[in-house]
Structures are given as C-alpha cells and as structure tokens.
Amino acid sequence: MGTPVLSPWAVLVLTPVLVGLWAPCVVSRQPNFIVILADDVGWGDLGANWAETKETPHLDQLAAEGTRFVDFHSAASTCSPSRASLLTGRLGVRNGVTHNFAISSLGGLPLNETTLAEVLQEAGYSTGAIGKWHLGHHGRHHPNSRGFDFYFGIPYSHDMGCTDSPGYNLPPCPPCPRHGTAARKDCYTEVALPLLENVTIVQQPVELGSLAGRYAEEAARFMQRASDSGRPFFLYLALAHMHVPLTPPLPPAPGRGIYGASLSEMDALVGRIREVADSLGKGSTLLWFTGDNGPWAQKCELAGRLGPFVGAWQRQRGGSSAKQTTWEGGHRVPALVYWPGRVPARRTSHALLSTLDIFPTLVALAGAALPPSRRFDGLDVSPALFGWSDVGHKVLLHPNSGAAGKAGEIEALRLAQYKAFYTTGGAMACDGSTGPAERHQPPLIFNLDRDIQEQQPLDVASREYQAVLPAISRAYAQALQDIAADNVSVADYSQDPAAIPCCNVQHVGCRCHGAQGATQDPHQEKRTPQLCL
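Every chain begins its residue count from 1, and numbering advances along the sequence as written. Residues qualify for local features only when their pLDDT is at least 70, as the model is predicted, and side-chain atom pairs are given and counted only at 80 or more; totals for whole chains, interfaces and linings, by contrast, use all residues. Where side-chain values are given, they derive from all heavy atoms of the structure, hydrogens and water being excluded.

Here we take up the sheet that holds strand 12 (residues 347-349). For two strands to be treated as a pair, DSSP must find no fewer than two bridges joining them. Secondary structure is summarised from DSSP: a helix means a run of H or I of at least four residues, a strand means a run of E of at least two, and numbering begins at the N terminus for each. With respect to topology, ten strands assemble into an open sheet ordered 8-7-6-5-9-2-10-11-3-12, the strand pairing being mixed. With partners counted over all chains shown, the strands left at the sheet margins are strand 8 (200-203) and strand 12, one partner each. The average angle at which neighbouring strand axes cross in this sheet is 20°, direction not considered. Packed onto the sheet, helix 3 (residues 79-88) meets strand 2 (32-38) and strand 9 (233-238) and runs at close to 170° relative to strand 9. Contacts were defined at the residue level, with two residues in contact if any of their heavy atoms lie within 4.5 Å. For helices, the axis comes from a line fit to the C-alpha atoms of the stretch in contact; other axes are also lines fit to C-alpha atoms, and the angle between any two N-to-C directions lies between 0 and 180 degrees. Contacts from helix 7 (residues 257-279) reach strand 2, strand 9, strand 10 (285-291) and strand 11 (336-338) within the one sheet, and its direction differs from that of strand 2 by about 180°.

Let us look at the environment of Ile 500. Structurally, Ile 500 can be placed in the segment after helix 12 (463-484). Each residue gets one of three labels from its accessible area relative to the maximum for its type: buried under 20%, exposed over 50%, partly exposed in between, using a 1.4 Å probe on protein chains only. Owing to a relative accessible area of 9%, Ile 500 belongs among the buried residues under this scheme. With 363 residues separating them along the chain, Ile 500 and His 137 place their C-alpha atoms 8.7 Å apart.

Right, let's talk about the sheet that holds strand 15 (residues 395-399) for a bit. Strand order in the open sheet formed by four strands is 15-16-17-18, and the pairing between neighbours is antiparallel. Edge strands, defined here as strands with exactly one partner in the open sheet, are strand 15 and strand 18 (435-447). Sheet twist, expressed as the average angle between the axes of neighbouring strands with direction ignored, equals 20°. Looking at chain direction, strand 17 (residues 418-426) and strand 18 are connected through seven bridges and run antiparallel. Considered in strand 18, the bridge of Phe 421 is made with Leu 444.

What follows concerns the packing of aromatic side chains. Aromatic rings from Phe, Tyr and Trp, taking only the six-membered ring of Trp, are treated as a pair when their centres fall within 6.5 Å; an angle between ring planes under 30 degrees marks them as stacked, one over 60 as edge-to-face, and anything in between as tilted. One pass over the structure, following the stated rule, counts 18 aromatic pairs. Judged by centre distance (4.6 Å) and plane angle (15°), the ring pair of Phe 101 and Tyr 493 falls under stacked. You can see Phe 101 sitting in the loop between helix 4 (92-95) and helix 5 (116-122) and its partner Tyr 493 sitting in the segment after helix 12, a full 392 residues away along the chain. Residue classification places Phe 101 among the buried positions, given a relative accessible area of 3%. Above the face of the Phe 150 ring, Arg 225 is positioned so that its terminal group lies 5.0 Å from the ring centre. For the cation-ring pair, Lys 299 lies above Trp 296, with the distance from its terminal atom to the ring centre recorded as 4.6 Å. Any Lys NZ or Arg CZ that is within 6 Å of a ring centre and within 35 degrees of that ring's normal is treated as a charge sitting over the ring.

The disulfide criterion used throughout: a pair of cysteine sulfur atoms within 2.5 Å. Applying the stated rule across the entire model yields five disulfides. Each sulfur in the disulfide pair Cys 300 and Cys 430 lies 2.1 Å from the other. Taking the sign of the torsion about the S-S bond as the criterion, the disulfide between Cys 300 and Cys 430, at about 110°, is right-handed. One end of the pair, Cys 300, is in the loop between strand 10 and helix 8 (312-315); the other, Cys 430, is in the loop between strand 17 and strand 18, and 130 residues separate them in sequence. Look at Cys 430 and you get partly exposed, because its relative accessible area is 46%. At a sulfur-sulfur separation of 1.7 Å, the disulfide partner of Cys 503 is Cys 512. Considered together, Cys 503 and Cys 512 belong to a single accessibility category, that of buried residues. Taken N- to C-terminal, the disulfide-bonded cysteines of the chain are connected 1-3, 2-4, 5-6, 7-9, 8-10.

Here we take up the pattern of salt bridges. Here, a salt bridge means any side-chain nitrogen of Lys or Arg that lies within 4 Å of a carboxyl oxygen of Asp or Glu. For the structure on display, the rule yields 25 salt bridges. In this structure, the salt-bridge partner of Arg 94 is Asp 482, at a minimum N-O distance of 2.6 Å. With a gap of 388 residues between them, Arg 94 in helix 4 and Asp 482 in helix 12 connect regions that are remote in the sequence. Both residues of the pair, Arg 94 and Asp 482, belong to the buried class. Salt-bridge contacts for Arg 511 lead to Asp 164; the nearest nitrogen and oxygen are separated by 2.9 Å. In this pair, Arg 511 is assigned in the segment after helix 12 and Asp 164 in the loop between strand 6 (150-153) and strand 7 (195-197), connecting sequence segments 347 residues apart. Exposure remark for Arg 511: the relative accessible area of 10% places this residue in the buried category. On the basis of relative accessible area, Asp 164 is assigned to the partly exposed category, the value being 32%.

Here we come to helix 10 (residues 358-365). Taken across its eight residues, helix 10 has seven buried, putting it largely inside the fold. Those residues of helix 10 that sit buried are Ile 358, Phe 359, Pro 360, Thr 361, Leu 362, Val 363 and Leu 365. Following helix 10 by one or two positions, Gly 367 has its phi on the positive side, about 75°.

Right, let's get into unusual backbone geometry. Going from Gln 204 to Pro 205, the amide bond is cis rather than trans, its omega being 5°. Here Pro 205 is to be found in the loop between strand 8 and helix 6 (211-229). Note the cis peptide between Val 244 and Pro 245, where omega equals 0°. Looking at where Pro 245 falls in the secondary structure, it is placed in the loop between strand 9 and helix 7. At Asn 198, a residue that is not glycine, the phi angle is positive and equals roughly 55°. Mapped onto the secondary structure, Asn 198 falls in the loop between strand 7 and strand 8.

What follows concerns the pairing of strand 17. For strand 17, a buried count of nine out of nine residues is recorded, marking the element as mostly surrounded by other parts of the structure. The pairing of strand 16 (residues 410-415) with strand 17 spans four bridges and is classified as antiparallel. Pairing of Leu 415 across the sheet is with Tyr 418, part of strand 17.

Turning to the packing of helix 6 against helix 7, a few remarks are in order. Following both chains from N to C, one finds helix 6 and helix 7 inclined at 15°, their axes separated by 10 Å at the closest point. As the angle between them shows, helix 6 and helix 7 are arranged roughly parallel. Of the two elements, helix 6 crosses helix 7, and the hand of that crossing is right-handed. Within the contact between the two elements, helix 6 uses Ala 212, Ala 216, Ala 219, Ala 220 and Met 223 and helix 7 uses Glu 265, Leu 269, Arg 272, Ile 273, Val 276 and Ala 277. The nonpolar class holds Ala, Val, Leu, Ile, Met, Phe, Trp, Tyr, Cys and Pro. Asp, Glu, Lys and Arg form the charged class, and all remaining residues, Gly among them, are polar. Among the residues making up the contact of helix 6 with helix 7, the classes are represented as nine nonpolar, no polar and two charged. In these notes the angle categories are as follows: under 35 degrees is roughly parallel, over 145 is roughly antiparallel, 65 to 115 is roughly perpendicular, and the rest is oblique. Crossings are assigned a handedness: left-handed for a near helix turned anticlockwise from the far helix by less than a right angle, right-handed for a clockwise turn.

So, in structure tokens, the structure goes:
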C-alpha cells in the first residue's frame, strides 16, 4: 500500500491562510511529550468541566493555563482496545485489539503494529511507560519490546490480582490468601497482583496504598534522567485512578466520599508531574491529559461522574450508558493540553477530537514520519492544539466495547452534531440491570446540539432525519469499505496459566518476600510450567 494515509472520512479542515501558517511553525527543537491516561474517569470528574466537582484544583489549573477540549473521545470504551488505539492511531478493527486481555494471555497488541513509542524511539526520544499496560505482558508483548526503554507498573488492571490491602470495591474483595486458596466470585484471589520494573517483578502483591507515590517518583526520575542525557523524552503515564479498587491515602473528609478522596489523590499526582516537567524547562514539554473511557457505572458510588452525558434513551430501557457502551458517557472523556508558549491558555475548544489523534499529532511535532503501509483513524490535530482551527474529525467512529454486538464492530458514528446508532445496548448498571442489544435499520439519529443527554432520537419521518440520513449512510459505508481495504491485524487472545506473572511459584499466590523478584528475558516465549514471569 506504499505510503501511510489517513482514512478518507477523517478530515481536518484548514483555510489556505492556516495552511500557510502551519509550515514555518515546526518546532526547532524536539519537544518532550507527557501523555497521562486516567482509567475509568468521567467527563464530569474535572471541575473545569463540571461545577459540582471540587476535587481537581491542579487539573483545573492546567485547564486555565492550557486548552480544554470538551468534545474529545476515547477510541473505545474499555481498557485494552482504548490503549491499543491510542498507541497506534488505529481502531481495534484495524489493529486487532477488540476486547481486553487476561492475566494468562499469551498474546497482546499484534507485533506487526507500530507503537507511538517505537516511532519516537527511532526519532531519538527516551521513552518510558509507567502504570497500567494491559496490551500483553508475555514475551515480545511486554512494554520493553514495544518501544519503551523503561517500564514501571502493573501489566493489567489493578483489580486483576489480589493484594494484602484490597481497598474499596463493589463487591468488596478479600486480601490475598496466605494458606491455600479461596475462590471468590468477581474477585481475583488465586494470584497476587505484580509490580514490574522493566522485566523484573519487584513486588507481589503490590502495596496499592503507596502506588500513586511510587508512580510519581518513577516518573520524576525518568524525566530527570532523560533531561540529564540531553535527549527529548516521551512519558506515557497510565494511572490506576479512577479504576476500582480505590485506595485513598486518608479517610475521606465528610461529604467527599471514597471517590472524591481518590480523585483528589489523582489530581495531586498530575500536579506533581506538571511541576517536575516545568522545573526541567517550562515550555519544553507538551502535557496531554485524558481518559481511556467513561465511568464503570456498576460500581455505584465508586464510579465517576458523567456530567450531562447520561444516555437517557438507554437508561430508560435498562442498563448503564457509560463504560463499555457507545453512548456519550462511555467514550466522551476529559481532555486537557498544556504547553506554555505554544498551546493557548484559558481556551475551550469544541473540535471533535479523539485519543486516536495523539499518535499522528506527536509524531508530526517530533518531526518523524508515520509508519507506512497502513491507514490511520487519527489526525494530526496540531492546528486545533495551537488555536488556529476549531475543526477536527468530519466523521468519528465508535466501536462496540462489550455492551452489545460483536467486539470491535462499528456500532455508532458521529457526523458533525449528529450521532447515529446501528446497534444499541447497555452495560451492567449499579442496579444490576443490563440493556439488551437492539439493531437499528435505519439507524437511530440524535442531534447532540439539542439533545446532549441522548434522550429522544429524531423522528424518521422528519425533514431533519431525511436530510441527514444519506450523508450518514455514505459515511458509514465508506468507513467499512476503507477498513476492508486496509492492512488489518489480528490479535492472539489465547491463554495459558504459564503466562501469568509470578515471582515465586513456591508460595501461595506467587508471593514475594522482601526485595526478591523474578526476572525474565522479554524475548523468551516459552515458559516453565506454573506461574513464572
């Protein structure tokens, strides 16, 4: 297929004047990049977005000193697919990651997919990943083999293993067993949660209460090392917040609750990262904060705030309209970009953007080239970042992420202010209900300018519906044709207990004692039996 191309329906519109401005504004020195990805965070979890939220002064300060994007979307509404799309600029139907990987997964993000870290590493960047990975940890799927010079974190979600201090979850989970095993529905009880530094397990089980502090320390250390070396850096910081279990450092103050206390901890962590970045040269680092998907509604009071994006049509029929769904609450996420002297301060953008855009945008700003022989769903949105344009995607696709239909299938489509659903369904809600999958032909169409709550679809007989349907139908057909013509990957979702990270098979739950850890060659595919990394 020769040269990399953007998908034909993903168009960033610029006037000729802006095109002329763009050419001489390539930065002379490669900037540093920090991408902070919060987990299960709600659009309304930022005070800058939602006045009822009071726990995010540092994030709100970032919004005041940078640009806030209010129509920004995750590429999928669950963990692995969203992360894979961020790091490849391609939807799951292209990169092969359509649902989550397990602790015993042999595969991960397909090896023929090129990550953002690999491109930036080739361009001379020092690359580090800290936090949740969840794109495969076995063999060559480990972060150190996917372009990251340094890795410190948990290979998957931090509820996918037991700990000695389990924190707050619904249902509550027991601590790791010390004698024998005790199975518990909805909880991982047989293997302790591992913490890795590169390919070494440094702690198993993880001490969750100190994790935020350790992430901040390792991030600061990584940035300082890169600065001392004279190389630009790319830091991908994938937080445990706001995914359960929540482990606030202190008992919450009255009225704040467990979630509010945890949100404050996340906010302080982001503030610390910004402080370190500024200390190394204010204006030399672009910081991009966003989320992997919306709140996990079935966790009730331990789930985040949707803001106005409640998916009322679905909620009237049962189930959640947040994480795992294609309703706005599932994929519309907070987004802030901070780059003093480059990105305008106190600006709110309504450009239709996505986590898919992070890959091509940072590659362009680094002066690097997109990988060849594949198509990208993301755009270089530098003009939107710099305030030269407030136009993003003409069309944005939303895949199924577990609520209804086939995993990864394109179920919804955004065209300007219109959103069309070809399949609907609700994930599990706090009350235990789920919304059944429903196919819609012709599609349900909502006008988000008038109906941000997605409460009442347009009447199919209305003039408005009939006017917009042809354009939506063409965009949907073109999208499917483009995907079918692309070089697509297929992820390996096979599992083997031998792939589960374990620092000591002799101890119950793979428990490590003291500083003992287990190291594995990241290129080694074959494992000894049982649970060894």
